[in-house]
Amino acid sequence: MRKTLYLKFILGYLIFFIFGFIIVATFVSSMTVEHYKREKADSLYKEATLIANTYATDLYNNEISLEVVKSQLDALSTYLTSEIWIINPSGRIIMTTAAPLDVEHETMVENFDSTITAGSFYTTGNFFGCFTEEMLSVFAPITSNFKVKGYVVIHTAMSSIHASSESLLNISYIMLVIFFLLSLIILIFFTEMVYLPLRKIIQATEQYAAGNMHYELSVDSEDEIGYLAASISYMAGEVARSEDNQKKFIANVSHDFRSPLTSIKGYLEAMKDGTIPHELYDKYIGIVLNETDRLIKLTNSLLTLNNMNIKGVVLEKSSFDINQVLRTTAATFEGTCREKRIRIELVLTGESLPVIADKSKIEQVIYNLLDNAIKFSHSDSAIKLETSEKHGKAFVSVKDSGIGIPKESLKLIFDRFYKTDLSRGKDKKGTGLGLSITKEIIQAHNENINVISTEGVGSEFIFSLPVDEDEEE
Ligand code: ADP
């Protein structure tokens, strides 16, 4: 594939020049012959007209002798390298510079016909068989009293015209060769700017296809090829990163599955071999059940995330009151809050605040946030659930005064499986998947979620939703 592009370009280049030579050899050649012929004919016609109006007219009016005219025209013919004839309309040659005067013998041009010029003032050919080579013959009529008395005809050999046109043609060929050599610059440009970078790109894609995603592709140009190379290299980087993420993800999942399974196995073996006595079975079965709960939670979260990735998050949007969702979700946590002596304060804007979103998914978001806030709050503290409205957006805030999130973890808490070191003690069942699900849901709504938190002071999660302006009172 690689070679053909180059070959095709060179082939196109050669075809271009073969056509160039053909055109110069045919069109340009015939055009220059035509041009020289016209030019020569024009200048000879001027001479012929001059002769016709002066010497020839005087000759016919018997004002000058044939010998004088002949000697004058002989000199002129040498100068013009042509033959000058004076012919009667009947074809009789009165005088020619090609032969000495011979009054005794008449020389006739057989089948002479002055209309041979066909409306022009010159003709080419052997002039009624008088010449063996091709001649250019220019006519000028000799008139007296509005009558044509004869013609001055100047003949010159076409070979001299062909010779001059050929010398011009040679210049054209030389120019063409120079042009050909200069245009090799295009070939160099093509090689440097297209062919070589393209080969680099192909090499890189072959490496990527073979799995070497860290192969470095560098094409130093700012044109489309450079852009293509940069895009491919960016794409390879993204693929490599997603592969790394995938590996990390699988490592995390395996780890999170292995620890509860190991402890379940440990307890069950201890029960089987009698290390744990019968009377403690209740306690340890409780622990085992707890671990299985954690496994179920983990599996469910993984399935939710996976579904979101496969289908994208499919939203079933409707208009609903976000205040009401906050009230009911807060109510579901009443039991847990009572145990930990945590108060939930609702600071809601308006009687109702209608938003357009996927209700069940937003319920899940609020559930996740509130669940975290309660998990990471100290006993005897308060959690504030707040709604506000600004520029057509509803803002929902879940604020606790719990353990907070260390600064360096703030960017990471939305990543899958991420748990801060602080939280490990407080929440043994956590999967680290809740916030990444939350973020995906909010992003699917084209909205944002942010966190403000200070370690040891508390955290606030705020997300936005579009207000349903039609339903608003
Ligand atoms: P998990 O199921 O473990 O809670 P999340 O994705 O919901 O997973 O949260 C990720 C981590 O972010 C938690 O393990 C915790 O370290 C931190 N985090 C989330 N919410 C809070 C909060 N309100 N206060 C302190 N830390 C929090």
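Not measured: the values here are computed from a predicted model.

### Considering the overall build of the chain
- What the chain contains, in helices and strands, is 11 helices and 13 strands.
- In summary, the chain has a C-alpha radius of gyration of 53 Å against a globular reference of 23 Å for 473 residues, an excess of more than 25%.
- Sorting the 473 residues of the chain into buried and exposed places 37% on the buried side.
- Here the analysis covers contacts within the chain between residues at least 6 apart in sequence; of these, 67% occur between residues at least 24 apart.
- Accessible surface for the chain amounts to roughly 27900 Å². Of this, 57% is attributable to carbon and sulfur atoms.
- Side chains of the chain carry 45 positive and 61 negative charges; the gap between the two charge centres is 12 Å.

### Section: the nonpolar core
- Among the nonpolar cores identified, the biggest contains 44 residues, and Ile 322, Ile 362, Leu 369, Phe 461 and Phe 463 are the most heavily contacted of them.
- It is helix α9 (residues 359–375) that provides the largest number of residues to this core, a total of seven residues.
- Inspection of this core shows a minimum of three residues originating in each of domain 2 (224–309) and domain 3 (313–472).
- Residues contacting Phe 463, with those up to four places away along its chain left out, are Ile 362, Val 365, Ile 366, Leu 369, Ala 394, Phe 395, Val 396, Ile 442, Asn 448 and Ile 449.
- Membership of the second largest hydrophobic core comes to 23 residues, among which are Ala 41, Leu 73, Ile 94 and Ile 161.

### Remarks on the pairing of strand β6 (residues 147–157)
- Of all 11 residues in β6, eight are buried; the element is thus mostly enclosed.
- Note: strand β1 (residues 83–87) against β6, five bridges, orientation antiparallel. Each bridged residue has a counterpart across the sheet, and for Glu 83 the counterpart in β6 is His 155.
- Inspection of the sheet shows strand β5 (residues 135–144) paired to β6 by 10 bridges, in the antiparallel sense. Opposite Ser 137, over in β6, you have His 155 as the bridge partner.
- Here β5 folds back onto β6, and the loop between the two strands holds two residues, one of which, Asn 145, carries a positive phi near 50 degrees.

### With respect to the site of the ligand
- Around the ligand sit 22 residues in total, of which Asn 372, Asp 400, Thr 420, Ser 423 and Leu 435 are the nearest.
- Within the backbone of Thr 420, a nitrogen or oxygen atom sits 2.8 Å from an oxygen atom of the ligand.
- Protein chains shield 98% of the accessible area of the ligand, which is 530 Å² for the free molecule.
- Secondary structure elements with two or more residues in the shell around the ligand: α9, α11 (434–444) and β13 (458–466).
- With three residues, the single largest contributor to the shell around the ligand is α9.
- When its residues are assigned to classes, the shell around the ligand shows nine nonpolar, nine polar and four charged.

### Some words on a negative patch on the surface
- A cluster of acidic residues, Asp 220, Glu 222, Asp 223 and Glu 224, forms a negative patch at the surface.
- On the secondary structure map, Glu 224 appears in helix α5 (residues 224–272).
- Its relative accessible area of 66% is what places Glu 224 among the exposed residues.

### Some thoughts on the packing of aromatic side chains
- According to the stated counting rule, one finds 24 aromatic pairs in the structure shown.
- Note on Phe 17 and Phe 179: the rings are 6.0 Å apart at their centroids and 55 degrees apart in plane angle, and the pair reads as tilted. Taken together, the positions of Phe 17 in helix α1 (residues 2–60) and Phe 179 in helix α3 (residues 158–182) put the pair 162 residues apart, joining distant regions of the chain.
- A relative accessible area of 4% places Phe 17 in the buried class.
- Each ring, one from Phe 17 and one from Phe 180, has its centre 4.2 Å from the other, and the planes form 85 degrees; the classification is edge-to-face. Taken together, the residues span a long stretch of sequence, with Phe 17 in helix α1 and Phe 180 in helix α3 at a distance of 163 residues.
- These aromatic residues form a ring-pair network of at least three members: Trp 85, Phe 112, Phe 127, Phe 128, Phe 131, Phe 139 and Tyr 151.
- One Lys or Arg, Lys 439, reaches over the ring of Phe 414 and ends 4.8 Å from the middle of that ring.

### Overview of the sheet that holds strand β12 (residues 449–454)
- One open sheet accounts for five strands, arranged β8-β10-β11-β13-β12; its pairing is mixed. Of all the strands in the sheet, just β8 (343–347) and β12 have a single pairing partner and so form its edges. Ignoring strand direction, the axes of neighbouring strands in this sheet form an average angle of 15 degrees.
- With five bridges connecting them, β8 and strand β10 (residues 382–390) associate as parallel partners. Pairing of Arg 343 across the sheet is with Ala 382, part of β10.

### So, the packing of α3 against helix α4 (residues 184–209)
- At a closest axis distance of 4 Å, the pairing of α3 and α4 adopts a crossing angle of 10 degrees. Classified by the angle their axes make, α3 and α4 are roughly parallel. Each of Phe 180, Leu 181 and Leu 182 in α3 lies in contact with α4, whose residues at this interface are Leu 184, Ile 185 and Ile 186.
- Across the contact of α3 with α4, the residue classes tally to six nonpolar, no polar and no charged.

Conventions used here
Residues numbered from 1 in each chain as written. Predicted model: local features only at pLDDT ≥ 70, side-chain atom pairs only at ≥ 80, totals over all residues. Heavy atoms only, no water. Helix = DSSP H or I, 4+ residues; strand = E, 2+ residues; numbered from the N terminus. Rg over C-alpha atoms; globule rule 2.2 N^0.38 Å. Buried < 20%, exposed > 50% of the residue type's maximum accessible area, 1.4 Å probe, protein only. Contact = heavy atoms within 4.5 Å. Areas by Shrake-Rupley, 256 points an atom, 1.4 Å probe, with all protein chains shown as cover. Lys, Arg positive; Asp, Glu negative; His and termini not counted. Charge placed at Lys NZ, Arg CZ, Asp CG, Glu CD. Core = buried A, V, L, I, M, F, W, Y, C linked by side-chain atoms within 4.5 Å. Domains from an automatic or database assignment. Pairing = 2+ DSSP bridges. Near = heavy atom within 4 Å. Polar contact = N/O pair within 3.5 Å; in protein donor to acceptor, adjacent residues only side chain to side chain. Nonpolar A, V, L, I, M, F, W, Y, C, P; charged D, E, K, R; others polar. Patch = residues over 30% accessible without salt bridge, like charges linked within 9 Å, V, L, I, M, F, W, Y side chains within 5 Å. Salt bridge = Lys/Arg side-chain N within 4 Å of Asp/Glu carboxyl O. Phe/Tyr/Trp six-rings, centres within 6.5 Å; stacked < 30°, edge-to-face > 60°. Lys NZ or Arg CZ within 6 Å of the ring centre and 35° of its normal. Axes fitted to C-alpha atoms, helices over the stretch in contact; angles between N-to-C directions. Parallel < 35°, antiparallel > 145°, perpendicular 65-115°, else oblique.

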